[in-house]
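Coordinate analysis (summary)
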Amino acid sequence: MKTKDQLRSAISTMDRRSYKSYKELEGEWLFGDYTFVIDHAQGDPFAQPSRVRARLPGAYVGLDPETYRSPSRARGTESFLARAFADVARRESKRRGTGHSGEIRIVCPGQEVLPQTALMLSDSGDLEVRFTVGLPARGRRIVAKEALELLLEDVPAVIELSLRAAVHSADHLLEAARLNEDADHLREQLTDLGLVAFVADGASLPRASGDSDRPLRSGEVVPFESPPALRVELEAPNAGSVRGMGVPEGVTLIVGGGFHGKSTLLQALQWGVYNHRVGDGRECVVSDPGTVKIRAEDGRSVCGVDISPFIGDLPLGKPTRDFSTPNASGSTSQAAAIMEAVEVGARVLLIDEDTAATNFMIRDRRMQELVPKDREPITPFVDRVRHLYEQHGVSTILVIGGSGDYLDVADTVIAMDEYRPRHVTAKAMSIAQDLRTGRIAEVPEHFGRPTPRLPDPGSIDSRQGRWKAGIKVRDRGTMHFGKQTIDLSAVEQLVSVAQTRTVAAALLFARDRFMDGKRPVAAVLDEVEAAISAGGLDVLDDRLVGHFAGFRRFELAAALNRLRSLRVSAEAPQQGRPAPASMGA
Ligand code: ADP
Ligand code: MG
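From a predicted model like this one, the values you see are computed outputs, not experimental measurements.

Concerning the sheet that holds strand β11 (residues 195–200)
As summarised here, the arrangement of the 4 strands in space is β14-β15-β11-β18, forming an open sheet in which the pairing is antiparallel. Since the sheet does not close on itself, it has two edges, and those belong to β14 (231–236) and β18 (285–287), each with one partner. On average, adjacent strands in this sheet sit at an angle of 35° to one another, irrespective of strand direction. Judged from the 3 bridges that link them, β11 and β18 form a sheet pairing that is antiparallel. Along β18, the bridge assignment pairs Ala-197 with Ser-287. Its contacts with the sheet put helix α5 (residues 170–189) on β11, β14, β15 (240–248) and β18, and the angle it makes with β14 is roughly 130°.

The structure is reproduced here in C-alpha cells:
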C-alpha cells in the first residue's frame, strides 16, 4: 500500500493540472495509524464531492468494548460518533476554492438511531467512516497547496477530533450505547405483554415545530404521565424498570379537545418504530415494529389493490377487487393504504382524523337514511375496524375528536386533557350504552385477505438517458426514479433523505434480484430483508457508499405502490379454494 508521503508527493506534482488528474489519487493510502481510501474522485469541482473512507483499527479508536458489546449498543455508538464527525467536519473544514472545494461532509443522523453506512463498527471495535471531500480547484485547475491541506491536515484533524474515544466523555458514549439497547428491549417486550405501544412517564413528546423533529424547549413541555389504569412497568437492561403507559392491542381511541395533544401522542407512536438519540425526549417511547400510519392521500396512483372490504361497486362499474387508478380520491387512497399495509404484514394501523377522509371514517345514522346503502359504495372504517382486529389480528389506534360513533367499537379510550392522558374507557362505554347512535352496522361478510399481487419487474423502469439506474433523491419526500417522480411526502414514517435514498436503491435491488412476476410483494420484501440482514446495506450498492440508512419493509412497499408505472398481476387462485382467498376468523 502507498503511504501518506507518497500521497503528498503525488499531489505536489499536480499543481495547476487539469481537475481530472485527481483521478490518479484513487486507491488506498496508509496514513500511519489508519488507512485512507479515495474511492471516487469527482470529475469537476462543482460535481458531487469525492467519495472517501477511512478504516480505523480498534486500537486507534480506543472505544470501551461495553459501547459495542451488542449490535444494539453498537448502533447507538455509531450514531453518536457519526454526529460527532459531522459537527467537527462542519467546524474544521474551510472553503478552499471553487465549487465544493474544501468541504468535508458526512451523512449526519437525525433524531432517530438507524443502522447506517456512513459509520460502522465491527465486532472487534474497528471503525469505518465514509464521507465526502470537495477536492480543491481554482476555476477547473488543481490547487496542490489546498489539496495537501485538505487531505493531509483537515481530514486527519476531523478524524482525530471526532472518532477517538478519548476526545469524548466515556459516560456520554456509554449512555448512547446503553440507551439504544434499552429502547430495543422495551420494544421487544410489547407483544408478550399484549401491548402495541409504550410511552414512558416523563417523556417529552412535542417537537419544536411542524417541520422540525427536534424537541420543543423543555420549559414549555408538559411531561408525559401515564393514567393509572394503563400504567405498566417494563424492564430495561440498563435503566432497570421503566414506568409508563401501555397501549393494549385491539381498537384504541385517542379523544379530547382540539389542541390538547392528541396528534402529538399519535405521532410519537408512529415514530416509536425507531429508537431516538439521547436527549430527544422520546427515548423510551416505543411501538410495535409493524406499526403503519395510514392517511388519505388523494391524487396518488393505486395499482391492482383489492379495496372491496371498504369500497363496493364504484360508479360506471369500476371493479374494486382489483382497483387501479392514476388519481385516487381521499377515501380510495385510504382504503388502498390499509390493504397495502395488511398485505405486507402490518400489525398496527395509526389513523389521525386530521389526515383522514371523513367519508371513509364515518357515516352516521342520518346519512344512512338520506343516502341508501345501495347508492353508497363506501363501507366506513367504523364498520371494519373490529374485523381487522378479530379476523386478522391488526390493531388500530385512532385519533377521533369529532365522532362518537367510534365509542361502540373501541376496547380502550384515552382522553387527552391539557397534554395529560386519562383513561376514560368505562365512561365512554356507559355513554355508548345510554346514547345509542341508531346506526345500522353496514357489513355483511368477512374481511377477506386480498389476493397477493405479483409485481411485474418490467414495469419498474429506472432508465434516464444514458443512466441505467437514474435514481435521484434530494429530499425525504421525493424520489426521482428514471423518468418518474415518486411522491413520498405522505409516507410519514420515512424519516430522512438517507432512508429515502436507500429505499430507492432497494427498489432497484428488489426488481433485479427478486421480482419475476411470480413472487408476491410480501415475498419480495422478505427476500430483500434477508439479503440485507445477511450482507448489510452494502448489498444494495457495490460502491461502498456512505449515504444509506436502515429502512422498513413498509416504506419500501410504499415507494413501490406509488410508482405510477407499476403493473401487477393477481396470484392464480389455488385449486379448490375460492378466489379471492378469504381468511375468516
Ligand atoms: P390536537 O391533535 O389535540 O389538536 P396537537 O397534538 O396538535 O393537538 O397539539 C397542539 C399543540 O400543543 C402543538 O403545538 C403541540 O406541539 C403542543 N403540545 C403537544 N403536546 C404537548 C406537551 N406535552 N407539552 C406542551 N405542548 C404540547
Ligand atoms: Mg390533531
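A look at the pairing of β15
Sheet analysis places β11 next to β15, joined by 5 bridges and oriented antiparallel. Its bridge partner lying in β15, Leu-195 is registered against Pro-248. Strand direction decides the pairing type here: β14 and β15, joined by 6 bridges, are antiparallel. By the bridge assignment, Val-232 is partnered in β15 with Gly-244. Linking two consecutive strands that pair antiparallel, namely β14 and β15, is a turn of 3 residues.

Structural notes on the side chain of Thr-67
In this fold, Thr-67 is placed in the loop between α2 (58–61) and α3 (71–92). Among the polar contacts listed, one links the side chain of Thr-67 to the backbone oxygen of Asp-64, at a separation of 2.6 Å. Sequence-distant contacts of Thr-67, that is, excluding residues within four places in its chain, are made with Arg-73, Ala-74, Thr-77, Leu-173, Leu-174 and Ala-177.

How each quantity is defined
Residues numbered from 1 in each chain as written. Chains lettered and ligands numbered in written order. Predicted model: local features only at pLDDT ≥ 70, side-chain atom pairs only at ≥ 80, totals over all residues. Heavy atoms only, no water. Pairing = 2+ DSSP bridges. Helix = DSSP H or I, 4+ residues; strand = E, 2+ residues; numbered from the N terminus. Axes fitted to C-alpha atoms, helices over the stretch in contact; angles between N-to-C directions. Contact = heavy atoms within 4.5 Å. Polar contact = N/O pair within 3.5 Å; in protein donor to acceptor, adjacent residues only side chain to side chain.

Read these as geometric descriptors, not functional statements.
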